[in-house]
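The lines below spell out each chain.
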Amino acid sequence: MEDKDLKKLVYDKYSQIAVRNEKSTCCCSGADKTEVYNIQTGDYSDLKGYEQEADLGLGCGVPTKFAGLKPGDTVVDLGSGAGNDCFVARAEVGESGTVIGVDFSEAMIDKARNNAAKRSYSNVEFRQGDIEEMPVNGNSVDVVISNCVLNLLPSKDKIFHEIFRVLKPGGHFCISDVVTIGTMPETLRGAAEMYVGCIAGAIPKNEYMDKILDAGFVSLDVVKETPIEIPDEILSEYLTAEETEQFKRGGSPVFSVTVVGTKSECGCKSGCCS
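Residues numbered from 1 in each chain as written. Predicted model: local features only at pLDDT ≥ 70, side-chain atom pairs only at ≥ 80, totals over all residues. Heavy atoms only, no water.

Let us look at helix α7 (residues 205–214). For α7, the complete set of buried residues consists of Y208, M209 and I212. For α7, the arc enclosing every buried residue in end-on projection is 95°, short of the 170-degree limit, so these residues lie on one face. In α7, the exposed positions that point more than 90 degrees away from the buried face belong to N206 and D214. Among the structural elements, α4 (156–166), β5 (167–180), β6 (203–204), β7 (219–227) and β8 (254–262) are those in contact with the buried residues of α7. Positive phi shows up at G216, right after α7, with a value of about 115°. (Buried < 20%, exposed > 50% of the residue type's maximum accessible area, 1.4 Å probe, protein only. Helix = DSSP H or I, 4+ residues; strand = E, 2+ residues; numbered from the N terminus. Arc of directions from axis to C-beta. Contact = heavy atoms within 4.5 Å.)

Relative to each other, α4 and α7 sit at 40°, their axes nearing to 8 Å. Taken together, α4 and α7 sit at an angle that is classed as oblique. α4 and α7 meet at a crossing whose hand is right-handed. Side by side, α4 and α7 meet where K156, D157, F160 and H161 of the first sit next to Y208, K211, I212 and D214 of the second. Residues belonging to the contact of α4 with α7 are distributed by class as follows: three nonpolar, one polar and four charged. (Axes fitted to C-alpha atoms, helices over the stretch in contact; angles between N-to-C directions. Parallel < 35°, antiparallel > 145°, perpendicular 65-115°, else oblique. Left-handed = near helix turned anticlockwise from the far one by under 90°. Nonpolar A, V, L, I, M, F, W, Y, C, P; charged D, E, K, R; others polar.)

For the rest of this paragraph, the subject is a negative patch on the surface. There is a patch of like negative charges on the surface, built from D157, E207, D210 and D214. Here the negative patch gets three residues from one element, more than from any other, and that element is α7. Following the sequence through the fold, D157 ends up in helix α4. We classify D157 as partly exposed; its relative accessible area is 34%. (Patch = residues over 30% accessible without salt bridge, like charges linked within 9 Å, V, L, I, M, F, W, Y side chains within 5 Å. Areas by Shrake-Rupley, 256 points an atom, 1.4 Å probe, with all protein chains shown as cover. Salt bridge = Lys/Arg side-chain N within 4 Å of Asp/Glu carboxyl O. Lys, Arg positive; Asp, Glu negative; His and termini not counted. Charge placed at Lys NZ, Arg CZ, Asp CG, Glu CD.)

Tracing the backbone through its elements, the reader meets P63 in the loop between α1 (3–20) and β1 (74–78). In this structure P63 comes out as buried when scored by relative accessible area, which is 0%. Sequence-distant contacts of P63, that is, excluding residues within four places in its chain, are made with Y44, D85, S146, N147, C174, S176 and T258.

Detailed conclusions should not be drawn from predicted coordinates in areas where pLDDT is low. Looking at the protein, pLDDT values average 86 and 85% of them are 70 or higher. Confidence drops under pLDDT 50 across residues 24–38; counting only partners more than four residues distant or on other chains, this segment forms 47 contacts. (pLDDT = per-residue confidence, 0-100.)

This part covers the packing of aromatic side chains. Scanning the model with the defined rule gives seven aromatic pairs in all. Residues F160 and Y208 carry aromatic rings whose centres are separated by 5.3 Å and whose planes lie at 90° to one another, so their mutual orientation is edge-to-face. Remark: Y208 occurs in helix α7 and F160 occurs in helix α4; sequence separation between them is 48 residues. Each member of the pair, F160 together with Y208, is buried. Here F173 and F217 contribute two aromatic rings whose centre-to-centre distance is 5.0 Å and whose plane-to-plane angle is 85°, an arrangement assigned as edge-to-face. Of this pair, F173 sits in strand β5 while F217 sits in the loop between α7 and β7, placing them 44 residues apart in sequence. Residue F173 is classed as buried on the basis of its relative accessible area, which comes to 0%. Site record: aromatic cluster; members linked through ring pairs are F160, F164, F173, Y208 and F217. (Phe/Tyr/Trp six-rings, centres within 6.5 Å; stacked < 30°, edge-to-face > 60°.)

Applying the stated criterion across every chain yields a total of 10 salt bridges. E95 serves as the salt-bridge partner of R90, at 2.7 Å between the closest nitrogen and oxygen. Here K205 makes a salt bridge to E225, at a shortest N to O gap of 2.6 Å. With K205 in helix α7 and E225 in strand β7, this pair connects stretches of sequence that are 20 residues apart. E225 sits in the partly exposed class, given a relative accessible area of 35%.

This is how it looks when you write it as C-alpha cells:
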C-alpha cells in the first residue's frame, strides 16, 4: 500500500471515531470493521485539566506527565484528536501559555473545537493540517507533544524534521509512541488495518532514535518503556495457531515508549556548534 493510501486509511478510521462521538475501547480496528481492541492507553484521570469527554482512548502513554511544561509555554500537540492532551497541557501552561492542536481529520478538529468552546478556553486552538507539513511557524514553540500518532504515518523522518523546525532554540518534544524491539512477523506488519491499530506502522526502536538524531536533536531520553501485549483475537486473524504460540513465547516485540528530545540552545543541528 502506498503512503497516500495508508494516510487515507488512517484519516478515514479516525474520522469515523470522531463522528461516533464516543470513547473508543482502543485504536485498533480494520478499515472495514466496527470491532475495536484495547492495545494500550494511558490513565489521565488524576491529571489536572483532564476532560473525559475529550479522551477517546486512542493513546499509548501520557506524554504530558513527562513534558516538563511550564507556565507561559507555547505547546503544540501533534494528532490532537478531540483535545485531551491539549486540555491537560493548558492546565500546566496556564492562562499565559498557548496550546495548539494539529490534526488532519476535519471531524476531529470540529470535535476538539466544540470541546474547547464549551469550556471557554481562549488560549487553546486547533488547526487542521498534515503534521508532515505543520501549519506552525518555525522557531515558535517551546514544547511539542504527541500521543501514539507518529507510528501511524509513513514519513517519520519528515515529522521529526518538522518538529525541529517549529521548536525554539532550547525547546524540546515529549512523544509517546509505539516501536518494535526484536522481530515482528511480516503478516502482522503487512496488514493494512493493523496500521490503524498502531502496530504495523511501528519501526524498530533503534531506527526510531536514529531518525530523531538525524533531524538534528542534541539529546534524547526514553523516560518510559512498556511492552504491549497483542490480544489473541487479533493475533489469530493474522497468524496460525503455531505462529501465535511461537510469537508469544518470544515475548512481545511491541513497546510503548515515551521519548524526550531537545533542540540545541543555539538552534542549529546537532554537533554544528561544537
